[in-house]
Amino acid sequence: MATFHLNINGKKHQVDVDPNTPVLWVLRDHLNLVGAKYGCGVAQCGACTIHVDDVALRSCILPISQVGNQTITTIEGLSQNGDHPVQKAWLKHDVAQCGYCQAGQIMSAAALLEANSNPTDEEIRTAMTGNICRCGTYVRIKEAIKTAAANS
Amino acid sequence: MTLIKTKYNRRSFLKVSAAAGGGMLIGFNWLTSCTSPVEEGIPMPNEWFEINGYIKIGNTGLVTIYSPNPEIGQNVMTSMPMIVAEELDVKWDHVVVEQGSLDEDAFKNRQFAGGSLSIMRGWDVLRMAGATGRRMLLEAAAKEWGVALSDLTVSEGIIKEVNGDRSIGYGAIASKAVGIEVPEEVELKDPKDFTLIGSFQKNVEGPKIVTGKPLFGLDFKREGMLLAMIEHPPAFGMTVKDFNRDEIVAVNGVRDAFTIDISMDDPGFGNENAFPQMIAIVGDSTWQLMQAKKALKANWEIESELENSEMHAQRLKRDIDQGEVQETRKDGNPEAAFTKAAKVIERTYTAPFQAHNTLEPMNFFAHVTTDKAELIGPTQTPNSLRESASKLLGIPEENISVDITRIGGGFGRRLYVHYGLEAAAISKKTGAPIKLIYTREDDMTHGIYRPAYRSTYKAGLDENNNLIAYSVKGVGFREGAIFPNRFPAGAVDHYAATKLKSETNISTGAWRAPRSHFEAGAQQAFLDEVAEAAGKDTIELQLELLDRAKNNPVGEKYEYEADRYAGVLKLVKEKANWGAEVPGVHRGFAAYFCHNSYVAQVLDLVMKDGLPVVKKVWCAVDCGIVVNREGAINIIQGGVVDGIGHAMYSELKFENGVSTHKNFNTYQLVRHNQSPEEIEVFFVENDISPTGLGEPGLPPAVGALANALYKATGQRYYHQPFAIANQDQNAFDISRTG
C-alpha cells in the first residue's frame, strides 16, 4: 500500500492503495467516479478511456503509480454541464443504445478532436478503432464526431 | 373509431388512485411485446401479468411515466412511454420517464396471473392506459364545469370548451379525476391523428449516458457493501473439488472465500447454468479480488466428457442425419421431384459457437438476510430471478425484491438468471450486502452460448429454371436453426424442412434473433446461388416465389404474409437502385422475416488492400407502425453491424472443454474500422400494430454480406466466420484455418 495524490477533474484526491492498482479501479472503487467503465481489463475495448494530460488512455491497465503529477480527466469532468461539443453532438445524433461504452467513446473522440480539429473519415475510423460498441452504433459515432468537429 | 375494453372477466386492467403529493396515479400492466426479448416457444414470463407500470399526472401538469421494462439498449424506455403519452394527449416535453421497479403492489394483484392478459398486446395496453387517463381527466373537467363530454376537446394536456372560453390543464384537474369511475371502455386515437408516435425522439436517458452517471448494475453501490468475484471450473464437464482457501483469505483485502452451489431440483425459466458449483471470493476492492483470483490453486473433478470443436463438428455432421427430429414440414414429393429435376444444387452451411459479450459483464447486488432478500442489477427477467432465488434461499417470493438497473447490453444473455443467484448465494453465506462482478474472462468462458449450427439446403430446377423442389435440414446443439413454415414454405410445390438437435455439455441459449440469424444467412446465400444457376435476378426469383405463395399457396399455412414480405423487397430494390452497376462496387441482397417484422437489405462493398469494406447498407423494414423513428433507425443500424460483425469475424472454439477465447484480444468483435460506412433505413408506412425491431435487422445482414462477398471474390461463403473459415464445401468438417 502507498499513498497517492491525484488531480482528477480539477480536484485533489488522496488514496491509499497498492501501487499496481489500475487507475480504473481507483476511480470506481475508491473515488466513486464510475463514468469510466470496465469492459475487458486488457485495453482492448476502450470502455475505460480517460484523459491523462489530454491524451486518451485505457485506465484499466494504467497503474496508479505511473500517474505522477499528470492531471486526470474522466467523463464526469469533461465539461461542467454536460455541454462539451462531443457530448452535445452525441445527444444530437442520439448515438447511444445500451450506453455502456459511450463514456469511453466520448473520451476517445474528445481527445481526437483536441489533437486534430477536423479529422477525415479515415482518421476517425483509425482513432476510434480501439473502442468497441457492442450495440453497433459506429455510424452514429462517426457522424457525431463530424458534427462536434464542425461546432468546436 | 376503435374502442378498447378496460376490463376482462369483470376484473379491471387498471387501478386509479390519488398520487402522493397531489394528482392522479394510474397503475396498469405494462407488457413488453414491442421488445420481444423472449424467443418463440419459451413460456411467457410471469412479470407480464402484473400491474407494474404507472402514470402519474402531477398537479403541476408534469406527467411521470414509470416504465418497468428492462432497458437493454433497445430504447423502450423512450418508445413505450411515447405510446402512453400519445393517447393521454400530453406534450412530450412535459413527460418524465423513470425506470420503475418491480413494485410491491404487484403481489397484491396476483390474480392477474394466468392467460387473461395474453389477449392483449403491449401496444394495446399502453394505448388503453393513456386513453383511460385522458378520458377520466375529460370527465372530471365536464363534471366540474357541468357540461357534457362532447362539449370538450383536449390537446397537449389542455382541456378546452368547444363553444366557450374555459380551459384547464391536466395538472389542475388531476386530483379530481381520481374520483371518476374507470370507464368500461375507452376510445383510441385513429393512427392518422398520431402526432408523437412516428416522430423522431431522443433517448430519454441520453443526457445521463453522455455525462457518465451511475446507471448500470456495475455502477451500483450501497453503504457497507462488499465486492465478490467467482472462479468457475476451467472447463465444461468439470466441477470444484477443493482449493487453497487459507492462502486466498490471507490475500490483502480478502474477507472470505468459499464454494457456492446454485443448482436446484426444479429450475424455472431462465435458470440455465454453465457451472452450478464454483468458488467465491469476497473482499474490499475489485483489484484485490482480481489478485486473489490469480492466487487461486484449485483441484477440479471431471464429471463428464471434455469436448472440443472438432468433436462438435463431427457430431453435427452425424446428427444432421441421425439427430432427434424436432420439427418437420413436407409438401408434395420432394424426393421424386429432385430425381426429375434438370438441375440440383446442394450446399451446406455452418457457424461456430458464439458468446454474447455484452460490454457490461455479468454482475449483481444481493443483500440476503434470514427472511428477506434484496437483489439489484441488470436482468431481462426479474421475475424468473425472484422465483429461482426463492427456491435457492428458501425465502418466500414476497420477501424478495428485484430491482433493475440500466443494462449494458442484453442480446439474450440476461434472460438467464444464474449470476443473480450466485450473488444471492454469496451474500447469504457472507451475511453482508455484496456486489458480484465477473471479469471479462469469467464472462466469456461462463457463457450460455449461441450454439454451433449446420444446415444443408437442396434445390431442384426444371428445364425452364423454375424452382420445383426445395429441402432443408438443419441441426444445432439444443435446436437446429430451421423454421419449417417460413419462406419459401408455401411457394414451392415440393418442399421439405427438418429441424434436428444434437447434444453437448456446453451451456447454450438464446442469442439475438435466435436461430433466425443463422437461417437467414444460409437460406439467403443459398437462394442467391440458386438464382444464379437459374439465370435469374436474385430479387426477382424471391418475388416470383412470394407471388406464388400469395396467389396459389402450397400446403398448410405458412408463417409470413407474402404481400408484406414482397413489400420490403420492392422498397429496398427501389431505394438502392438495384440493378445499377457501379465499377468496383459489389452488391449483395438478402431479406428475412422474424419476430413478426420484415426486413430486406442491399449491401455494397468494395475491396481495399485485399480486405472487404462495407460502403453502404440499405434497409427496408416493415414493422407496422413505427413508434420512435429515431430509436427504430438506430436499432436497425445496430442489428446490421452486429450481423455483419459476427458472421465475418467472431467464433468461440473449445479444447478439452475450455473456451480457447477468453477476452477481446482473441475473440474478435466488429470494430469501428470494420463497420459499414453508411446505413440507410426505410420503413413501409402502414397502420398495422407495431412488431419487433430489436432483432429483425440482424439476420438479413448475414446473407447480404455473403452475397456481396461472392460478387467481390468469386468465392461463395458457406462457413462462418467468413474472414477466417475455410470455405471449401468438403473441407470444413476436417480442418479450419485460423
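**A short note on the overall build of chain A**
If you tally the helices and strands in chain A, you get five helices and five strands. In terms of overall size, chain A behaves like a compact globule, its C-alpha atoms giving a radius of gyration of 15 Å where 152 residues would be expected to give roughly 15 Å. The C-alpha extent of chain A, read off along each of the three principal axes, is 45 × 25 × 25 Å. The buried share of chain A, taken over its 152 residues, is 61%. Relative to all contacts within chain A whose residues are 6 or more apart in sequence, the contacts with residues 24 or more apart total 55%. Of the accessible surface of chain A, which amounts to about 5700 Å², a share of 45% is contributed by carbon and sulfur atoms.

**Thoughts on the interface of chain A and chain B**
Counting from both sides, the interface comprises 55 residues of chain A and, opposite them, 65 residues of chain B. When chain A packs against chain B, the two sides together hide about 4800 Å² of surface, and 56% of this comes from carbon and sulfur. Together, Gln97, Arg125 and Arg134 of chain A form the three largest contributors to the area buried by chain A at its contact with chain B, with a combined 17%. At the boundary of chain A with chain B, the tally comes to six salt bridges. A salt bridge links Arg134 of chain A to Asp642 of chain B; its shortest N-O distance comes to 3.0 Å. Applying the counting criterion to the chain A and chain B interface returns 27 residue pairs in polar contact (both at pLDDT 80 or more). Elements with a contribution of two residues or more to the side of chain A that touches chain B: α1 (23-30), α2 (85-92), α3 (102-115), α4 (121-128) and α5 (138-151) of chain A. If you tally residues by element for the side of chain A that touches chain B, the top one is α5 of chain A, at five residues. Considered class by class, the residues forming the side of chain A that touches chain B number 25 nonpolar, 18 polar and twelve charged.

**Regarding the environment of Asn308 of chain B**
Residue and element names in this part refer to chain B. Within the element layout of this structure, Asn308 appears in the loop between β17 (298-302) and α7 (309-322). Each C-alpha atom, one on Asn308 and one on Thr660, is 9.7 Å from the other, the two residues being 352 residues apart in sequence. Other than its neighbours up to four places away in sequence, Asn308 contacts Phe654, Glu655 and Asn656. Within the structure, the side chain of Asn308 is placed 2.9 Å from the backbone nitrogen of Met311, a separation counted as a polar contact.

**Topic: the state of the cysteines**
Two cysteines joined by a covalent bond between their sulfur atoms form a disulfide. Residues and elements named next belong to chain A. Under the criterion given, the structure shown has zero disulfides over all chains. Residue Cys101 stays outside any disulfide, its sulfur separated by 3.8 Å from that of Cys133, the closest cysteine. Exposure remark for Cys101: the relative accessible area of 5% places this residue in the buried category.

**Notes on the sheet that holds strand β8 (residues 95-99) of chain B**
Residues and elements named next belong to chain B. Reading across from one edge, β4-β5-β6-β7-β8 is the order of the five strands in this open sheet, with mixed pairing throughout. At either margin of the open sheet sits one strand with a lone partner, and together these are β4 (14-18) and β8. Averaged over all pairs of adjacent strands, the angle between their axes in this sheet comes to 20 degrees, without regard to strand direction. As defined by bridge partners, strand β6 (residues 53-57) adjoins strand β7 (residues 63-67) across four bridges and the pair is classed as antiparallel. Residue Tyr54 lies in a different strand from β7, and its bridge partner there is Tyr66.

**Looking at the sheet that holds strand β27 (residues 586-594) of chain B**
Strand pairing in a sheet takes place through backbone hydrogen bonds and is either antiparallel or parallel in direction. All names here are of chain B. The sheet built from four strands is open, its strands ordered β27-β28-β29-β32 with mixed pairing. If you trace the sheet from one side to the other, it starts and ends with β27 and β32 (678-683), each paired once. Taken over all neighbouring pairs, the strand axes of this sheet differ in orientation by 15 degrees on average, direction set aside. As paired strands, β27 and strand β28 (residues 597-608) are joined by nine bridges and run antiparallel to one another. Residue pairing across strands places Phe593 opposite Tyr598, the latter belonging to β28.

Quick notes on the rules
- Residues numbered from 1 in each chain as written.
- Chains lettered and ligands numbered in written order.
- Predicted model: local features only at pLDDT ≥ 70, side-chain atom pairs only at ≥ 80, totals over all residues.
- Heavy atoms only, no water.
- Helix = DSSP H or I, 4+ residues; strand = E, 2+ residues; numbered from the N terminus.
- Rg over C-alpha atoms; globule rule 2.2 N^0.38 Å.
- Buried < 20%, exposed > 50% of the residue type's maximum accessible area, 1.4 Å probe, protein only.
- Contact = heavy atoms within 4.5 Å.
- Areas by Shrake-Rupley, 256 points an atom, 1.4 Å probe, with all protein chains shown as cover.
- Buried area = accessible area lost by both parts, 1.4 Å probe.
- Salt bridge = Lys/Arg side-chain N within 4 Å of Asp/Glu carboxyl O.
- Polar contact = N/O pair within 3.5 Å; in protein donor to acceptor, adjacent residues only side chain to side chain.
- Nonpolar A, V, L, I, M, F, W, Y, C, P; charged D, E, K, R; others polar.
- Disulfide = S-S within 2.5 Å.
- Pairing = 2+ DSSP bridges.
- Axes fitted to C-alpha atoms, helices over the stretch in contact; angles between N-to-C directions.

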